[in-house]
Protein chains: 2
Amino acid sequence: MKNTIKETRLKYNLTQDELAEQLNVSRQTIISLEKGRYNPSITLAFKLSRIFKCTIEDIFLYEEG
Amino acid sequence: MKNTIKETRLKYNLTQDELAEQLNVSRQTIISLEKGRYNPSITLAFKLSRIFKCTIEDIFLYEEG
DNA sequence: CACCAATGTAAAATAAGCTTTACGTAAAGT
DNA sequence: ACTTTACGTAAAGCTTATTTTACATTGGTG
């Protein structure tokens, strides 16, 4: 699943460390998410949507298959 | 996190088995989700939103804390 | 060049989502 | 009574998300 985490994070001028801290996850988690290595829990997705002031659907692009 | 899976499933006249099949998960997963025993992956949340023709935010109510 | 901040990689460990199997219960139909 | 359908529980096991630690790389700045 594609996501816009990196772009949006940069729009907010946040480092990976800062975003990780706001989400209460490790920096590794941010890196792995930005790199698309895995998909987050819905809880993490919601936290991201709060910080980025948008919907989950704005951040994550789901394509079935 | 609260969700409206059970209510929405019933609105669509689906059994737990049928919903599980459409989502490609086990019936146990549906039961556990409806009972709020755990939160789904974002992938499963997206699949649900497709089947229920609504947004993830319509199905799941996230309250921070 | 040396230094520091930000990003990246890799591997091992833990937590959480999800499956599988097996059994229990209650309602509805025959 | 017996069967079927739908829902529920419990436990063991597998898979994937997330953490932790440690080290490498790149770019800017003194």
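Residues numbered from 1 in each chain as written. Chains lettered and ligands numbered in written order. Predicted model: local features only at pLDDT ≥ 70, side-chain atom pairs only at ≥ 80, totals over all residues. Heavy atoms only, no water.

Under an unreviewed UniProt entry, the name given to chain A is HTH cro/C1-type domain-containing protein, and the organism recorded is Lysinibacillus contaminans.

Novice: Explain the environment of Thr15(A) to me, please; I cannot follow it from the model alone.
Specialist: Within the element layout of this structure, Thr15(A) appears in the loop between helix H1 (5-11) and helix H2 (16-23). Along the backbone, Thr15(A) and Arg27(A) are 12 residues apart, and their C-alpha atoms lie at a distance of 9.6 Å. (Helix = DSSP H or I, 4+ residues; strand = E, 2+ residues; numbered from the N terminus.)

Novice: Looking at this structure, how should I read helix H4 (residues 42-51) of chain B?
Specialist: Residues and elements named next belong to chain B. Most of H4 is tucked away, with seven of its 10 residues classed as buried. Ile42, Leu44, Ala45, Phe46, Leu48, Ser49 and Ile51 are the residues of H4 that are buried. Taken from the residues just after H4, Lys53 is the one with a positive phi, measuring 50°. (Buried < 20%, exposed > 50% of the residue type's maximum accessible area, 1.4 Å probe, protein only.)

Novice: I would appreciate a short explanation of the packing of aromatic side chains in the present structure.
Specialist: On inspection of all chains with the given rule, the structure shows four aromatic pairs over all chains. With centroids separated by 5.2 Å and ring planes inclined at 10°, the aromatic side chains of Tyr62(A) and Phe46(B) adopt a geometry described as stacked. Residue Tyr62(A) is located in the segment after strand S2 (60-61), and its partner Phe46(B) is located in helix H4; the two belong to separate chains. Each member of the pair, Tyr62(A) as well as Phe46(B), is classed as buried. (Phe/Tyr/Trp six-rings, centres within 6.5 Å; stacked < 30°, edge-to-face > 60°.)

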